[in-house]
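Coordinates in review
The residues making up each chain are set out below.
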2 protein chains.
Amino acid sequence: MSGEVTWSELTSQPDAQRALIARLLSGALKLPVSLDDFDEILLLGSGTSYYLALALADWMRRRGRAARAVPSCEVLLDPWETRESDTRRLAIGLSRSGKSSELILAEKKLSDAGFVTLGVSCTEGSDLLRVSDHGLHLPEGYEDGLVMLRSFTSMLVAVQWLSGTAEDHKALAQLPEQGAALLANQADAITKAANAREFNRFVFLASGPDYPLALEAALKIQEMSISTSEAYHSLDYRHGPKACADDKTAVVIFALSDREHGLSLARDVKDLGAAVIVVGQDAAAYADVADLTVAGSGVLSAGQAAALSILPAQIFAFATAMRLGCEPNAPTNLSKVVVF
Amino acid sequence: MSGEVTWSELTSQPDAQRALIARLLSGALKLPVSLDDFDEILLLGSGTSYYLALALADWMRRRGRAARAVPSCEVLLDPWETRESDTRRLAIGLSRSGKSSELILAEKKLSDAGFVTLGVSCTEGSDLLRVSDHGLHLPEGYEDGLVMLRSFTSMLVAVQWLSGTAEDHKALAQLPEQGAALLANQADAITKAANAREFNRFVFLASGPDYPLALEAALKIQEMSISTSEAYHSLDYRHGPKACADDKTAVVIFALSDREHGLSLARDVKDLGAAVIVVGQDAAAYADVADLTVAGSGVLSAGQAAALSILPAQIFAFATAMRLGCEPNAPTNLSKVVVF
């Protein structure tokens, strides 16, 4: 079957998280540095790993840390990123393969500029783990497929846990069970929604901690099905980009914390003729206006639910690739690792 | 002629900047607050004004200030943005019309949370100037057309000047003359390049201070010609999005400060079959690989040249709208002001 590897890796995510959380609970997996020792934390990666960096920087900022995300390339290209400073700076580099040239060069440059460097990767003995001062190896996220799925959520959950509170741990521990339930109960409905019309444009709208997930979701569709996809801060969509919406557009809204504004946005999109799919902890509240809702259990906060909230978009992207006869294991123009 | 108002406003930008700079030089236009009185500066806007906020936050950070940009909607939807703090916080709201509901509500919310608020608008007596603690009115940026062009560069140059150094002033004072030269000498070549193929996908790649301009450029094409357009941090394009590139794709690269990486990126894009247009201060160095280069004079830094660097993308977007028979004065689905 086409897409076999990708689908198997997609659906293995709850199991990967279960294994990861077991290691975290046992204390076998620890941060090799104390975040309290730093005034500033820079998170970096490329492509999906950059969106992961954005999600983790947001998570850390909400927990009181001065964290910021940049694409690896900016460290190479923009001298401002490696400017002198007398603050204590930590750089956390994220890469599934640990081989991406941009990240390896960036970690060296950051180290020269006085940053302590930590590499997070799913591949044992990778260059990233070798060149960084410290390494965090997450084999649970290793993938054979080309598109990052399990690696994204594994690195996400591990770093969330390691920079989170006891309350966060309690919440994150629910992810494997909830993810398995979502796959069992909703994958068919999501696949059906992806096949409901001849969609050729995909838009993902989100706010707060969900915004990096919208970026990642848009990239999944691009990579797997070579389709036009975009991501915006939720209400910003009305300030220009909605000009392109029509009845072949699928708009996925990550349910907003403010239900009134969320429903008004969903109605606006619906009026443009687009199909509306709402995902996330409060999705059920959109049942009257949406074509499909994929709701969480409601007990996790948006950030805590991230590894769960991205699942419907991954399934939707996979189903779209199948509908369009694309092979998600081997997308056009792409290689698994970008090396200079 | 179709697009008359838009074209006239587009080409009036050097004159608008000349008038603005005369007022700045005379001391008639001043910031009503001292930025030194604040520990943190939040810049906010929607759509084009959000990209303006990103450009100005970047400008201020490089000049040592703790500045950050958010879309107006995030202040409404994300309680974290208005969390309690004992730091002295300034919010700068940006809006051409000064009527955008999201921004008006956001300014009120920020004020309640203890921010001092400053509204920047091109429309006299607008709601924004009324609800904010302080106002900055820039009539030079006022527009009749629907798409933000002159308002974007007017608000950009004014706030850059008012938060810049004496050296910045010297550089910014060159913008009117250089802008007029670009329009006189290069508009035809850019229009020809936009008509060279039946482009249906547009990609803008930039790094450092140019990145917000890439976002704004992508939005111009979307709004004016209802086409697919995307923006990425320069080298990040190779980590996924390039999957969609083909011979109907036009890629505009904002020349990178690192010429070697820039040329390598341009060659990669060319290999995908896409057309390559390079703009910016170092564009001439790409002459061998690009389909068209639009170079600046080379004496301005990337941030200082921003109002100049966006011009080729505005012209390209206008020409594309004309080619596709769209009316840039009245884009589909859009209104001049987004009001709830």
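Parameters and conventions
- Residues numbered from 1 in each chain as written.
- Chains lettered and ligands numbered in written order.
- Predicted model: local features only at pLDDT ≥ 70, side-chain atom pairs only at ≥ 80, totals over all residues.
- Heavy atoms only, no water.
- Helix = DSSP H or I, 4+ residues; strand = E, 2+ residues; numbered from the N terminus.
- Rg over C-alpha atoms; globule rule 2.2 N^0.38 Å.
- Buried < 20%, exposed > 50% of the residue type's maximum accessible area, 1.4 Å probe, protein only.
- Contact = heavy atoms within 4.5 Å.
- Areas by Shrake-Rupley, 256 points an atom, 1.4 Å probe, with all protein chains shown as cover.
- Lys, Arg positive; Asp, Glu negative; His and termini not counted.
- Charge placed at Lys NZ, Arg CZ, Asp CG, Glu CD.
- Least-squares fit on C-alpha atoms with pLDDT ≥ 70 in both.
- UniProt positions renumbered as here; feature names shortened; annotations may be inferred.
- Buried area = accessible area lost by both parts, 1.4 Å probe.
- Salt bridge = Lys/Arg side-chain N within 4 Å of Asp/Glu carboxyl O.
- Polar contact = N/O pair within 3.5 Å; in protein donor to acceptor, adjacent residues only side chain to side chain.
- Nonpolar A, V, L, I, M, F, W, Y, C, P; charged D, E, K, R; others polar.
- Expected span 1.5 Å × (residues − 1).
- Domains from an automatic or database assignment.
- Axes fitted to C-alpha atoms, helices over the stretch in contact; angles between N-to-C directions.
- Parallel < 35°, antiparallel > 145°, perpendicular 65-115°, else oblique.
- Left-handed = near helix turned anticlockwise from the far one by under 90°.
- Pairing = 2+ DSSP bridges.
- Core = buried A, V, L, I, M, F, W, Y, C linked by side-chain atoms within 4.5 Å.

Once that is clear, we can look at the overall build of chain A. Looking only at helices and strands, chain A features 13 helices and 10 strands. Over its C-alpha atoms chain A spans a radius of gyration of 19 Å, differing by no more than 12% from the 20 Å that the globule rule assigns to 340 residues. Considered along the principal axes of its C-alpha atoms, chain A spans approximately 55 × 40 × 40 Å. Looking at chain A residue by residue over its 340 residues, the buried ones come to 63%. A sequence separation of at least 24 residues applies to 73% of the contacts in chain A between residues at least 6 apart. For chain A, the accessible area works out to roughly 11,700 Å², and carbon and sulfur atoms hold 48% of it. Taking the average place of the 30 positive charges on the side chains of chain A and the average place of its 42 negative ones, the gap between the two points comes to 1 Å.

In this section: the relation of the copies chain B and chain A. Both copies of the chain are related by a screw-like operation: a rotation about an axis and a shift along it. Expressed as a screw operation, the relation of chain B to chain A combines 0.0 Å of axial shift with a rotation of 180°, fitting to an RMSD of 0.0 Å. Here the symmetry operator amounts to a two-fold rotation axis. Across chain B, the smallest distance between a C-alpha and the rotation axis is recorded for Thr228 of chain B, namely 3.5 Å. Comparing contact sets, 100% of the residues at the interface of chain B also lie at the interface in chain A, consistent with an isologous, same-surface contact.

Once that is clear, we can look at the UniProt feature "domain: SIS" (unreviewed entry) in chain A. Residue and element names in this part refer to chain A. The sites that carry the UniProt feature "domain: SIS" (unreviewed entry) are, in the present numbering, residues 31–172 and 189–331. Each end of residues 31–172 is marked by a C-alpha atom, and these two atoms are 17 Å apart; helix forms 40% of the span and strand 20%. Segment residues 189–331 splits into 36% helix and 20% strand. End C-alpha atoms: 25 Å apart.

In this assembly, 51 residues from chain B lie in contact with 51 residues from chain A. Taken together, both faces of the contact between chain B and chain A bury some 4,300 Å²; the carbon and sulfur share is 56%. Between the two partners, chain B and chain A, sit 2 salt bridges. Notably, a salt bridge pairs Asp78 of chain B with Arg62 of chain A, separated by 2.6 Å at the nearest N-O pair. Linking chain B to chain A there are 18 residue pairs in polar contact (both at pLDDT 80 or more). When contributions to the side of chain B that touches chain A are tallied by element, the ones reaching two or more residues are helix H3 (48–61), helix H4 (72–77), strand E6 (201–206), helix H10 (211–225) and strand E7 (228–233) of chain B. Split into classes, the residues belonging to the side of chain B that touches chain A amount to 22 nonpolar, 17 polar and 12 charged.

A word on helix H7 (residues 150–162) of chain A. Relative to the 18 Å expected for 13 residues at 1.5 Å per residue, H7 of chain A spans 18 Å between its end C-alpha atoms, a close match to the ideal helical length. Of all the 13 residues making up H7 of chain A, 13 are buried; the element is thus mostly covered by neighbouring parts of the structure.

All names here are of chain A. Split by domain assignment, chain A resolves into domain 1 (4–172) and domain 2 (175–323). On a C-alpha basis, the centres of domain 1 and domain 2 stand 25 Å from each other. If you look at the interface, domain 1 gives 30 residues, while domain 2 gives 27 residues. Together, the buried faces of domain 1 and domain 2 total about 2,300 Å²; carbon and sulfur atoms form 73% of this surface. Inspection of the region where domain 1 meets domain 2 yields 0 salt bridges. Elements with a contribution of two residues or more to the side of domain 1 that touches domain 2: helix H1 (4–11), helix H2 (13–26), helix H3 (48–61), H7 and helix H8 (166–172).

Okay, the packing of helix H9 (residues 175–194) of chain A against helix H13 (residues 311–323) of chain A next. All names here are of chain A. Taken N-terminus to C-terminus, the directions of H9 and H13 make an angle of 40°; their axes are 9 Å apart at the nearest point. The pairing of H9 with H13 is recorded here as oblique in orientation. Here the hand of the crossing between H9 and H13 comes out right-handed. Along its contact with H9, which presents Gly179, Leu182, Leu183, Ala187, Ile190, Thr191, Ala193 and Ala194, the element H13 presents Leu311, Pro312, Ile315, Phe316, Ala319, Thr320 and Arg323. By residue class, the composition of the contact of H9 with H13 is 11 nonpolar, 3 polar and 1 charged.

All right, on to the pattern of salt bridges then. All chains considered together, the criterion is met by 34 salt bridges over all chains. Among the salt bridges present, the one from Asp291 of chain A reaches Lys270 of chain A, with a minimum N-O distance of 2.7 Å. Here Asp291 of chain A, found in the loop between strand E9 (275–280) and strand E10 (292–295), pairs with Lys270 of chain A, found in helix H11 (residues 259–271); they are 21 residues apart in sequence, far enough to count as distant. Since its relative accessible area comes to 42%, Asp291 of chain A is described here as partly exposed. Given a relative accessible area of 30%, Lys270 of chain A falls into the partly exposed group. Sharing partners across several salt bridges, the network here consists of Asp58, Arg61 and Arg62 of chain A together with Asp78 of chain B.

All names here are of chain A. The topology assignment puts Ala285 in the loop between E9 and E10. Residues Ala285 and Gly262, 23 residues apart in the sequence, show an inter-C-alpha distance of 9.6 Å. The residues touching Ala285, leaving out its near neighbours within four places in the chain, are Arg259 and Leu263.

Further remarks concern the packing of H3 of chain B against H10 of chain B. All names here are of chain B. H10 packs onto H3 with a crossing angle of 165° between their chain directions and a minimal axis gap of 8 Å. Between H3 and H10, the angle falls in the class roughly antiparallel. Crossing of H3 over H10 shows left-handed handedness. Mapping the contact onto sequence places Thr48, Tyr51, Leu54 and Ala55 in H3 and Pro212, Leu215, Glu216, Leu219 and Lys220 in H10. Residue composition of the contact of H3 with H10, by class: 6 nonpolar, 1 polar and 2 charged.

Let us now look at the sheet that holds E6 of chain B. Residue and element names in this part refer to chain B. Strand order across the open sheet formed by 5 strands is E7-E6-E8-E9-E10, with parallel pairing between neighbours. Two strands lie at the open edges of the sheet, namely E7 and strand E10 (292–295), each paired on one side alone. The mean angle between the axes of side-by-side strands here comes to 15°, regardless of whether they run parallel or antiparallel. Set on the sheet, H10 makes contact with E6, E7 and strand E8 (249–254); between it and E7 the angle comes to about 175°.

Glancing now at the environment of Gly64 of chain B. Residues and elements named next belong to chain B. When you line up the elements, Gly64 lands in the loop between H3 and strand E2 (67–71). On the basis of relative accessible area, Gly64 is assigned to the exposed category, the value being 68%. Taking the C-alpha atoms as reference, Gly64 lies 23 Å from Leu256; in sequence the two are 192 residues apart.

All right, on to the nonpolar core then. Ranked by size, the top nonpolar core spans 123 residues in total, and within it Leu205 and Tyr286 of chain A together with Leu43, Met60, Ile92, Phe204 and Phe316 of chain B carry the most contacts. Sorting elements by how many residues they give to this core places H3 of chain B first, with 10 residues. When near neighbours in sequence (up to four residues on either side) are disregarded, Met60 of chain B contacts Leu35, Ile41, Leu43, Arg65, Ala67, Ile92, Val159 and Ser163 of chain B. Cys73, Ala231, Ile310 and Cys326 of chain A belong to the second largest nonpolar core, which has 121 residues in total.

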